[in-house]
Structure formats: C-alpha cells, structure tokens
Amino acid sequence: MADQDARSGEGTRPTGMPVLRWEEPPEGPVLVLLDQTRLPAEEVELVCTDPAALVEAIRSLAVRGAPLLGIAGAYGVALAAVRGFEVEEAAAALAGARPTAVNLAVGVRRAQAAHQEALGRTGDARQAAAAALDAARALHREDARASARMAAHGLALLDELLPAGGHRVLTHCNTGSLVSGGEGTAFAVALAAHRSGRLRRLWVDETRPLLQGARLTAYEAARNDMAYTLLTDNAAGSLFAAGEVDAVLIGADRIAADGSVANKVGSYQLAVLARYHHVPFIVVAPVTTVDPDTPDGASIEVEQRPGHEVTEVTAPQVPVAGAGGGIPVAPLGTQAYNPAFDVTPPELVTAIVTEEGVVSPVTADALAVLCARSRQVTIS
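Residue numbers restart at each chain and count upward from 1, following the sequence in its written direction. Local features in this predicted model are restricted to residues whose pLDDT is 70 or higher, and side-chain atom pairs enter the listing and the counts only when it is 80 or higher, whereas totals over whole chains, interfaces and linings include all residues. For the side-chain quantities, the full set of heavy atoms in the structure was used; hydrogens and water were omitted.

(A) Structural view of the overall build of the protein. Broken down by element type, the protein carries 11 helices and 17 strands. Atoms counted for the radius of gyration: C-alpha only. Globule rule: 2.2 Å times residue count to the power 0.38. Relative to the 2.2 N^0.38 estimate, which gives 21 Å for 380 residues, the radius of gyration of the protein is 20 Å and therefore close to what a compact globule would have. For the C-alpha atoms alone, the extent of the protein along its principal axes is close to 65 × 55 × 40 Å. For every residue, the accessible area obtained with a 1.4 Å probe (protein chains only) is divided by the maximum for its type, and the residue is called buried under 20%, exposed over 50%, and partly exposed between those limits. Every one of the 380 residues in the protein was classed for burial, and the buried ones make up 55%. Whether two residues touch is decided by their heavy atoms; if any such pair falls within 4.5 Å, the residues are in contact. For the protein, long-range pairs separated by at least 24 residues make up 75% of all intrachain contacts whose partners lie at least 6 apart in sequence. Total accessible area computed for the protein in this model is approximately 15,800 Å², and 53% of it derives from carbon and sulfur atoms. Measuring between centres, the 30 positive side-chain charges of the protein sit 4 Å from its 44 negative side-chain charges. Comment: elements are numbered from the N terminus, with helices defined as DSSP H or I runs of at least four residues and strands as E runs of at least two. Per-residue accessibility takes into account occlusion by the displayed protein chains alone, with areas from the Shrake-Rupley method and a 1.4 Å probe. By the counting scheme adopted, Arg and Lys are positive, Glu and Asp are negative, and His together with the chain ends is not counted. The atom standing in for a charge is NZ when the residue is Lys, CZ when it is Arg, CG when it is Asp and CD when it is Glu.

(B) Spatial organisation of helix H1 (residues 51–59). Buried within H1 are the following residues: Pro-51, Ala-53, Leu-54, Val-55, Ala-57 and Ile-58. Between the side-chain oxygen of the N-cap and the backbone nitrogen of Ala-52 there are 3.2 Å, and the N-cap of H1 in question is Asp-50. N or O atoms within 3.5 Å of each other form a polar contact, as long as, within protein, one can give a hydrogen and the other can take it, and as long as residues adjacent in sequence are counted only when both atoms are side-chain atoms.

(C) Main features of the sheet that holds strand E7 (residues 228–231). When DSSP locates at least two bridges between a pair of strands, those strands are taken to pair. What the seven strands build is an open sheet, ordered E7-E6-E5-E8-E11-E16-E17; its pairing is mixed. In this open sheet, the two strands that pair with only one neighbour each are E7 and strand E17 (357–359). Between one strand and the next, the sheet's axes are offset by a mean angle of 25°, whatever the strand orientation. Examined bridge by bridge, strand E6 (residues 199–205) and E7 share four bridges and lie parallel to one another. Each bridged residue has a counterpart across the sheet, and for Trp-203 the counterpart in E7 is Thr-229. The strands that helix H5 (residues 125–161) touches are strand E5 (167–171), strand E8 (247–250), strand E11 (281–284), strand E16 (351–354) and E17; relative to E16, the one it contacts most, it runs at about 145°. Only the stretch in contact is used when a helix axis is fitted, and all axes are lines through C-alpha atoms; the angle between N-to-C directions ranges over 0 to 180 degrees.

(D) Here's a closer look at unusual backbone geometry. Across the junction of Arg-208 and Pro-209, the peptide omega takes the value 0°, indicating a cis bond. Note that Pro-209 resides in the loop between E6 and helix H7 (212–223). Cis rather than trans, the peptide bond between Ser-360 and Pro-361 has omega equal to -5°. Within the secondary structure, Pro-361 sits in the loop between E17 and helix H11 (364–379). A positive phi angle, near 55°, is found at Asp-225, a position not held by glycine. Tracing the backbone shows Asp-225 in the loop between H7 and E7.

(E) Structural detail: the sheet that holds strand E9 (residues 254–256). One open sheet holds the four strands; their spatial order is E12-E9-E10-E15, and the pairing between them is mixed. What marks the edges here is a single partner per strand, and that holds for strand E12 (290–291) and strand E15 (341–344). Bridge analysis of strand E10 (residues 261–264) against E15 gives four bridges, and the strand direction is antiparallel. The partner of Val-261 across the bridge, within E15, is Thr-344. Along the sheet face, helix H9 (residues 267–276) touches E10 and E15 and points at about 35° away from the line of E15.

(F) How the structure looks around the confidence of the model for the protein. One number per residue, pLDDT, summarises how confident the predictor is, and it ranges from 0 to 100. For the protein, per-residue confidence averages 92 on the pLDDT scale, and 92% of positions sit at 70 or higher. Note that pLDDT drops below 50 for residues 3–15; the model gives that stretch 36 contacts with residues more than four away or on any other chain.

So, in structure tokens, the structure goes:
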C-alpha cells in the first residue's frame, strides 16, 4: 500500500529531498519516492509499503527514467523479501511493469539473484532479504558513480565535436537527477557543460504527451541556474533550420545489440532532423541500458500508453473532468495513438556515451566490445 505525505518543495531539490530512499520506521521498512507526477507544482513523497504499490508507482510514472527504474526494481525485490511477500512473484510483477525499459528488469534480476544465492547458501530468509537490500544499495551507489563518469565522457565529446565552445544543446524528455542515483545521463552532460561555462543554451522539448520536459527538465534546469528555453516538440524543426542547435543530447530506455536506441517518443524525429542539418545526435546511457539479448530495433517491445494521456491534459491541483482524470482536449470517444517510445536506428546516432566510454561510430561490434569491457571491470 502507498501513502502520500505532501511537503513544501522550496529549496529542496536537487540537493534536498531524495528522489528515492529506503527507510526503516518502527512499523517496518518502506521505499519512499518523490512523486514525479506532482512536479513542478509541489513536491510530494509516495511511501510504498509493499511491491504492489511500487508496481503502480512505476506504471503511473510516479517513479520513472531508465536508471532509476533499475534501482527502484532492485529495492522492490528487497521490500518484498523484508516484508515477507513472495519474492519470485513480486520480481515478475516489477520486471513487467514497464516493458521497454531494460534497466528495470536488470535491477530486479540483480536483487533477485542476490536473494536466491543467499537463501540457497544459508537457508535463512532474513539473511537473504539483507542480501537483496545490499544488492539494491550497491546498484544505487554504482549508478551515482556512472552518472559522474558519463558526464565527464560526454563533456569531452562535446568539446571534441564543438571546439568553439558555447554549446547550444537540445534535449528531449527528462534525464537529470530525477531519473538517476546521481545527476542523470544526458542532462548530466549538459549540467557539466554549464558548470564549466561552456553551455550557452539548453533547449528543452516539452515532450508530449506527459510533458516531462516542461514539468521536469525545466524544473531541474531552473534549480541549477542553467540558461534554458522551453519549446513545443513540433518547433524543433524551425530551431534546426535557424541554426540554433549545436548538438542533441538524449537518454535511452533500451539500446539493442545493433545500436538501435529506444527513447521517449519524439526522439527519432530529432535524429532525422539532426542528420539533415549535420548536427551531432548523442545518446547518453549507462551500460546496463544496452541489451545484448535484443538483436535490433525491430525486436524492441514499445510500450503503448493509455489514449487519455493524449486526449486529456493532466495538471497537478487542477479540477478534473475526463475519464482518465484530466481535462478533455479532444471530443469524447476520440481514439489516440500513444506509443511511449520510438526507436532510432544506429546510422542516425553519432555516438553513445556510457560510463565505460564512448562508442562512435555505433556498431554492433563496438557495443559488444564495450559490454565485454564493462563485465571485466565488474568482475575484477
């Protein structure tokens, strides 16, 4: 079950209220999430006391973003184990909550494997639960370190591609500290450029239909005193035509073995625009987002979201009237096409930036080498 505790958000992000944390009050362990559906109007924490509540938080996008979903999934397995729920059942429900984001399943499997190993070795349910929690905490720490390394690699790449400095970067959806154990993926690169005095402008797609760019990326940019401008998704073409974009930086929810990139719907059209206008199109994601078991873009399962997300607009603290809980903006009964993601083929991707380095050009062989190197580092 989940409870909500509203708090004032003034001055608490990005360094104050954590996006996700494990707590152990007297009544039992809980996973506490910053409810991203309520931003930027207010900062509200969602308290999950069981795996089902976390599954619902994932599906409703209260918690979202590929790296953070992996962390949340791992903590969800630990929550099931500590609270005495059936771990295998909880793990299956968690892993299937968002089918496109591979990090979610990776995080779930990691904590599940730690639980199984400890249970088989000791036969002690408490020790097995502690092992699952340790695995989740380790993943959380690793993601923070990966975020910092991606920012450094990404900034070096920007400086190499754009030696004149004064970077004008276009981004899509939200890829900052709200989706990470650290400062994010693509947004972390832009933030590093800002801190070094090399970011001239961050162009922020509002990102339809759920407005993660307008609600979340603009929120994070403002909190970091970055020079940013919000635009509608369909204004990006005019921005490229005017010569106002030096690079595109996006995250990823799954990268296939051939380098195809699934990201928030609208990313593919930016890749096409970038190629036509000779602008670098850069994907920033941890190695855990690369899925060797998905051979190509056509094999990526693209999540289809409810139509009311398109036919209605939902805003925090606004009275609702639509069937989906929002304000209707289309006639009753209108059908909507609402894929959560689209897939960009590798030939349109200039580079993929990970914590282990940069892949460019993007090929299956180069990605395989990167993943092998990452496994060696983890093992050693």
